[in-house]
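One-letter residues, chain by chain:
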Amino acid sequence: MKVLIVVDVQYDFLPGGALAVPEGDAIIPVVNELMEKIDFVVATQDWHPLDHGSFADNHVDKRPGDVVDLNGLKQVLWPVHCVQNTHGAELENRLDSQRIRKIFTKGTDPGIDSYSGFYDNGHRKSTGLAEYLKEHGVDEVYVAGLAADYCVKFTALDAVKENFKTWLFVDATRAVNLKADDFDKAIREMQEKGVRMLKSADI
Ligand code: VGL
Ligand code: ZN
C-alpha cells in the first residue's frame, strides 16, 4: 500500500509568503497530478504558536539565518511563519485538498521545532503519522512538497527510519537554499540514507 505525503504546501512557503521557497508554487500542479495517481494521501502542516522558539523575533538581537541553542538542540532561526490560524499557515487553495485523508500538524510546541512530519527535531514526540500509516497498511511512502532541504528531507529520513520503503519526487519539491547547494546536498544525504529518487512521470 502506497501513501503520498504532501509536506507543508502552505502560503508562507510560497512566493510572497513569509518564508518563501523559490519556485515553490511550481510544484502545485505536479502534486495535484500525483494525488490522482496515488490515491491515499496525507499532508503535513507547519503550525506554530506566535511564541515559537524558531522565530528570530522571539530572541534578543537575532536575525533569520542565525543559529541558537533551543533547549539543547541547534536551531536555525526563521522569520515568523505558519502561525496557527493565519492565512500564511493555510494549505494553498489550488491544492486538490479533498483528496487529503488527514492533515498532521507539527511545530506546535514553542520549545522545539519539528521539520519532520513524523517526529519533532529531538525525536521526542510523535505526530501520530507513523502509527496512522501502519494502521492503514502502508509500506511504501512517496514524499512531495516543501522545503526539500528541511521538512521534506527530515520527513523522508524518518520514513526510512520507520522502515517504510521511501521515495522522493524530485520534481515535486523545491529548496529554501539558504546556501546555493543545499538542494543538491539534501538529495545526496537522502540517497545515502536510503531514500530513492524518482520523477512524477515515472509513476
Ligand atoms: C520549514 C523551515 C521552518 C519547512 C518549516 O517546511 O521546510 N522550514 N519551518
Ligand atoms: Zn516552521
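Residues numbered from 1 in each chain as written. Chains lettered and ligands numbered in written order. Predicted model: local features only at pLDDT ≥ 70, side-chain atom pairs only at ≥ 80, totals over all residues. Heavy atoms only, no water.

## Considerations on the site of ligand 1
Inference 1: Near ligand 1 the following residues occur: Asp 8, Phe 13, Leu 19, Asp 46, Trp 78, His 81, Tyr 115, Leu 146, Ala 147, Tyr 150 and Cys 151.
Inference 2: Contact between ligand 1 and Leu 146: an oxygen atom at 3.5 Å from a main-chain N or O atom of the residue.
Inference 3: Ala 147 places a main-chain nitrogen or oxygen 3.1 Å from an oxygen atom of ligand 1.
Inference 4: Considering ligand 1 on its own, with 260 Å² of exposed area, one finds that the protein chains cover 100% of that surface.
Inference 5: Classifying every residue of the shell around ligand 1 gives 8 nonpolar, 1 polar and 2 charged. (Near = heavy atom within 4 Å. Polar contact = N/O pair within 3.5 Å; in protein donor to acceptor, adjacent residues only side chain to side chain. Areas by Shrake-Rupley, 256 points an atom, 1.4 Å probe, with all protein chains shown as cover. Nonpolar A, V, L, I, M, F, W, Y, C, P; charged D, E, K, R; others polar.)

## A word on unusual backbone geometry
Inference 1: Leu 146 connects to Ala 147 through a cis peptide bond whose omega is -10°.
Inference 2: Its place among the elements puts Ala 147 in the loop between β6 (140-146) and α3 (151-161).
Inference 3: Look at Asp 8: it is not a glycine, yet its phi comes out positive at around 50°.
Inference 4: With respect to the helices and strands, the residue Asp 8 is situated in the loop between β1 (2-7) and α1 (28-37).
Inference 5: Positive phi outside glycine occurs at Glu 23, with the angle close to 65°.
Inference 6: Relative to the elements of secondary structure, Glu 23 occurs in the loop between β1 and α1. (Helix = DSSP H or I, 4+ residues; strand = E, 2+ residues; numbered from the N terminus.)

## Digging into α3
Inference 1: Within α3, 8 of the 11 residues are buried, which leaves it mostly tucked inside the rest of the structure.
Inference 2: Considered for burial, the residues of α3 that qualify are Cys 151, Val 152, Lys 153, Thr 155, Ala 156, Leu 157, Asp 158 and Ala 159.
Inference 3: Buried residues belonging to α3 abut β1, β5 (100-106), β6, β7 (165-174) and α4 (182-192).
Inference 4: Two residues or fewer after α3 comes Asn 163, characterised by a positive phi angle close to 70°. (Buried < 20%, exposed > 50% of the residue type's maximum accessible area, 1.4 Å probe, protein only. Contact = heavy atoms within 4.5 Å.)

## Some remarks on the pairing of β7
Along any regular strand, the residues point their side chains to alternate faces of the sheet.
Inference 1: The pairing of β6 with β7 spans 6 bridges and is parallel. By the bridge assignment, Leu 146 is partnered in β7 with Arg 174.
Inference 2: Here 3 bridges tie β7 to strand β8 (residues 196-198), and the two strands are oriented parallel to one another. Bridge pairing in β8 places Leu 168 opposite Met 197.
Inference 3: Chirality of the crossover, the property in question, places the unit of β7, α4 and β8 among those that are right-handed. (Pairing = 2+ DSSP bridges. Right-handed = clockwise from strand over helix to strand, strands pointing away.)

## Focus: the pattern of salt bridges
Inference 1: Inspection of the entire model under this criterion finds 10 salt bridges.
Inference 2: A salt bridge links Arg 94 to Glu 92, with the shortest nitrogen-to-oxygen separation between them at 3.0 Å.
Inference 3: By relative accessible area, Arg 94 is classed as partly exposed at 46%.
Inference 4: A residue is classified by how much of its surface remains accessible, and Glu 92, at 9% relative accessible area, is buried.
Inference 5: Where Glu 189 meets Lys 153, a salt bridge forms, and the shortest distance between an N and an O atom there is 2.9 Å. Here Lys 153 lies in helix α3 and Glu 189 lies in helix α4, a separation of 36 residues in the sequence.
Inference 6: We classify Lys 153 as buried; its relative accessible area is 11%.
Inference 7: Several salt bridges share partner residues, and in doing so they unite Asp 8, Asp 46 and Lys 106 into one network. (Salt bridge = Lys/Arg side-chain N within 4 Å of Asp/Glu carboxyl O.)

## Digging into α1
Side chains three or four residues apart in an α-helix point the same way, a direct result of the helix having 3.6 residues per turn.
Inference 1: Residues Ile 28, Val 30, Val 31, Asn 32, Leu 34 and Met 35 constitute the buried set of α1.
Inference 2: Those residues of α1 hidden inside the fold are in contact with β1, β2 (41-46), β5, β6 and β7.

## Some remarks on the state of the cysteines
Inference 1: Throughout the structure, instances matching the rule amount to 0 disulfides.
Inference 2: Cys 82 takes part in no disulfide bond, and the closest cysteine sulfur to it belongs to Cys 151, at a distance of 8.6 Å.
Inference 3: For Cys 151, a relative accessible area of 7% puts it in the buried group. (Disulfide = S-S within 2.5 Å.)

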